[in-house]
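# Topology and contacts: notes
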Amino acid sequence: MTDTGLIGVQKTLTPVLKAKALDNRLPDPILGDVYAERVMRRLDPDYDRRRFGTSQVGLVAVVRSRAHDDWARAFLAEHRDAVVLHLGCGLDARVYRLDPPSTVDWYDLDYPAVIELRRRLLPPRDQHHTLIGTDVTDLTWLEDVPRGRPVLMIAEGLVPYLTEEDVRRLLTSVVDAFPSGQIQFDTVPVWAWRFSKWDPSLRVYDARFHCGFDVPAALAAWHPRLEYVDEAPMNDAPILMAKAPPGIRRLYRFMNLLPGMKRSTRIVRFRFRETPA
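Scope of this entry: the structure provided in the associated data block. (Residues numbered from 1 in each chain as written. Predicted model: local features only at pLDDT ≥ 70, side-chain atom pairs only at ≥ 80, totals over all residues. Heavy atoms only, no water.)

## A short note on the overall build of the protein
Broken down by element type, the protein carries ten helices and seven strands. Over its C-alpha atoms, taken along the principal directions, the protein stretches across nearly 55 × 45 × 35 Å. Of the contacts made within the protein by residues no fewer than 6 positions apart, 73% connect residues no fewer than 24 positions apart. For the protein, the computed accessible surface area is about 12,800 Å², with 52% contributed by carbon and sulfur atoms. Seen as two clouds, the 39 positive and the 37 negative side-chain charges of the protein have centres 6 Å apart. (Helix = DSSP H or I, 4+ residues; strand = E, 2+ residues; numbered from the N terminus. Contact = heavy atoms within 4.5 Å. Areas by Shrake-Rupley, 256 points an atom, 1.4 Å probe, with all protein chains shown as cover. Lys, Arg positive; Asp, Glu negative; His and termini not counted. Charge placed at Lys NZ, Arg CZ, Asp CG, Glu CD.)

## Digging into the packing of aromatic side chains
For the structure on display, the rule yields five aromatic pairs. Judged by centre distance (5.2 Å) and plane angle (70°), the ring pair of Y161 and F209 falls under edge-to-face. You can see Y161 sitting in the loop between β4 (151-155) and α6 (164-177) and its partner F209 sitting in the loop between α8 (200-203) and β6 (226-232), a full 48 residues away along the chain. Judged on exposure class, the residue Y161 and its partner F209 are both buried. Taken together, a centroid distance of 5.6 Å and an interplanar angle of 10° make the contact between F185 and F270 stacked. (Phe/Tyr/Trp six-rings, centres within 6.5 Å; stacked < 30°, edge-to-face > 60°. Buried < 20%, exposed > 50% of the residue type's maximum accessible area, 1.4 Å probe, protein only.)

## Points about the sheet that holds strand β7 (residues 266-272)
In spatial order, the strands read β3-β2-β1-β4-β5-β7-β6; together these seven strands make up an open sheet with mixed pairing. Strands at the two margins of the open sheet, each flanked by one partner only, are β3 (129-133) and β6. For this sheet the average axis-to-axis angle between neighbouring strands, irrespective of direction, equals 15°. In the sheet, strand β2 (residues 105-110) pairs with β3 via five bridges, with the strands oriented parallel. Looking at the pairing, D110 lines up with G133 of β3. (Pairing = 2+ DSSP bridges. Axes fitted to C-alpha atoms, helices over the stretch in contact; angles between N-to-C directions.)

## Focus: empty space enclosed by the protein
Per the counting criterion, the structure on display carries one cavity of 30 Å³ or more. Space inside the largest cavity adds up to approximately 50 Å³. Residue lining of the largest cavity: V95, P100, P101, S102, V104, W106, R125, D126, H128 and H129, and that is the complete set. Classifying every residue of the lining of the largest cavity by side-chain character gives five nonpolar, three polar and two charged. (1 Å grid on protein atoms, 1.4 Å probe; cavity = no way out; pocket = protein on both sides within 12 Å on 5 of 7 lines; lining within 4 Å. Points joined across faces, edges and corners; volume = space filled by probe spheres on them. Nonpolar A, V, L, I, M, F, W, Y, C, P; charged D, E, K, R; others polar.)

## Here's the deal with a nonpolar patch on the surface
Nonpolar side chains collect at one region of the surface, where W191, F195 and W198 lie side by side and expose about 350 Å² of accessible area between them. Within the fold, F195 resides in helix α7 (residues 190-195). (Patch = residues over 30% accessible without salt bridge, like charges linked within 9 Å, V, L, I, M, F, W, Y side chains within 5 Å. Salt bridge = Lys/Arg side-chain N within 4 Å of Asp/Glu carboxyl O.)

## As for the nonpolar core
In terms of nonpolar packing, the biggest core is built from 35 residues, with L85, W141, L170, L171, F178 and I183 touching the most fellow members. If you list the elements that add at least two residues to this core, you get β1 (83-87), β2, β4, α6, β5 (181-187) and β7. The dominant element in this core, judged by the number of residues it contributes, is α6, at six residues. In this structure I183 touches M153, L171, V174, V175, L226, V268, R269, F270 and F272, once residues within four positions along its chain are discounted. (Core = buried A, V, L, I, M, F, W, Y, C linked by side-chain atoms within 4.5 Å.)

So far we have only geometry, and geometry alone does not tell us how the molecule works.
So this is what it looks like as structure tokens:
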């Protein structure tokens, strides 16, 4: 595999990218991301030739991306002048999949090493697409983003790696900075956060979670303008059960019978307006 120069949690972008690449090879893909397959092949030409190299176990991460895409697409259809904050973007090709109009200003933000990798592996877009290389918790990056317009904040696969204090500062700062908008992210329950130090899939990357929420809707209480909207299914998503290979469907049906597994990741959406409801 190509030496990416990534460390720790930054390396977790690779298995997610691989899952999207393998999804694209299905007869009827869930996401159908052609960029994922191209980039994965450049990073690791033999990624699908090793033992379990074509396993579709990671399709649940693809379902997560599809849910975020669907919500984002609906929001941008109603707000064609929006500012998009795609935080912890990794090598995700969401801006290419959604292909927003030039009236939308899109910001892909991640660690400097990740952004440099994006520049090498993904094609440039127009002037309305900006890459920001920084730690998302250093909120000075917000000063360079245009205000006074609706905002869409997408944080896929990011929030569990932040502390609760950092999550609270991030959410409230975004609400304070914009007149209205939508915030969507995924999170884990408290048990998954506490167990993460022993999770073998995370230990491979020297990573662990730093927060978890049993009732994510309660985060709306952090700001008077913030309101919880809804949750999208993940481990039991109908699209997963409809499109995954039979063996993968059986695996997730079994896993969903285990206590806490069906909602071991929650994909949640919040909105805010100019004045409290």
